[in-house]
Amino acid sequence: MMNRPGMFAAAWMAASLCRCEALVAPSSGRPRSLVVSRLGRVSLVGAGPGDPDLLTVGALRAISDPAALVVADRLVSAEILSLVAGELKIAGKRPGCAEVAQQEIYSWVREGVLANRTVVRLKIGDPFVFGRGGEEILELRESLGIEATVVPGVSAALAA
């Protein structure tokens, strides 16, 4: 197979900007029309160690967006969750069922992105210190072809 850099770059750009979905007429099974919609965006946001006073300005701005879908870890404090202005979904990660819960998180994020919403993935502490942030970034790249913005949080190890 011949490598064509321009072809791959164009495909990546198209995947990151919009998605195409063929609507199929139920009786014939043939495409009826083509719908093109823009993808939403994702921010991977650190919630800090639990005290709302330790949230970064960027984190507070992200969770205060009333149009955002906030997908939070179960360990994010109730005080911080009370600051969420948009729709809130809380992951049910518990010992022994982490993989199932992670797939549920990916599903919620994917639904939000495909609905052209701003999705805030709210993680306890800093997303990259014990937070699987790298795995989630890779999943977004591979499954949706999008890059998440990162809003670092204060790690509990540094907050004391």
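It should be noted that the structure appears before, not after, this text.
Residues numbered from 1 in each chain as written. Predicted model: local features only at pLDDT ≥ 70, side-chain atom pairs only at ≥ 80, totals over all residues. Heavy atoms only, no water.

## Details of the side chain of Asp126
Which entries qualify depends on this criterion: In DSSP terms, a helix is any run of H or I states spanning at least four residues, a strand is any run of E spanning at least two, and both are numbered starting from the N terminus. Note on classification: 1.4 Å probe, protein chains only; a residue is buried when its accessible area is under 20% of the maximum for its type, exposed when over 50%, partly exposed between these limits. In this charge count, Lys and Arg are treated as positive and Asp and Glu as negative; neither His nor the chain ends contribute. Salt bridge, as used here, is a side-chain nitrogen of Lys or Arg placed within 4 Å of a carboxyl oxygen of Asp or Glu. Identification of polar contacts relies on pairs of N or O atoms within 3.5 Å, with a donor-acceptor requirement for protein atoms, meaning one able to donate a hydrogen and the other able to accept it, and with residues adjacent in sequence counted only if both atoms are side-chain atoms.
Looking at the element boundaries, Asp126 is found in the loop between β6 (118–123) and α5 (133–144). Despite being buried, Asp126 has no salt bridge partner; Lys123 is the closest side chain of opposite charge, sitting 9.7 Å away. Separated by 2.9 Å, the side chain of Asp126 and the backbone nitrogen of Phe128 make a polar contact. Only 3.1 Å separates the side chain of Asp126 from the backbone nitrogen of Gly153, close enough to count as a polar contact.

## A word on helix α4 (residues 98–114)
Residue pairs spaced three or four apart in an α-helix point in one direction, given the helix's 3.6 residues per turn. Stated formally: The span you would expect from a helix comes to 1.5 Å times its residue count less one. Here the arc refers to the directions that run from the helix axis out to each C-beta atom.
For α4, built from 17 residues, the straight-helix expectation of 24 Å at 1.5 Å per residue is met to within 8% by its first-to-last C-alpha distance of 24 Å. All of the buried residues in α4 are Ala101, Gln102, Ile105, Tyr106, Trp108, Val109, Gly112 and Val113. Projected down its long axis, α4 shows its buried positions confined to an angular sector of 160°, all on one face. Looking one or two residues past α4, Asn116 carries a phi angle of roughly 65°, positive in sign.

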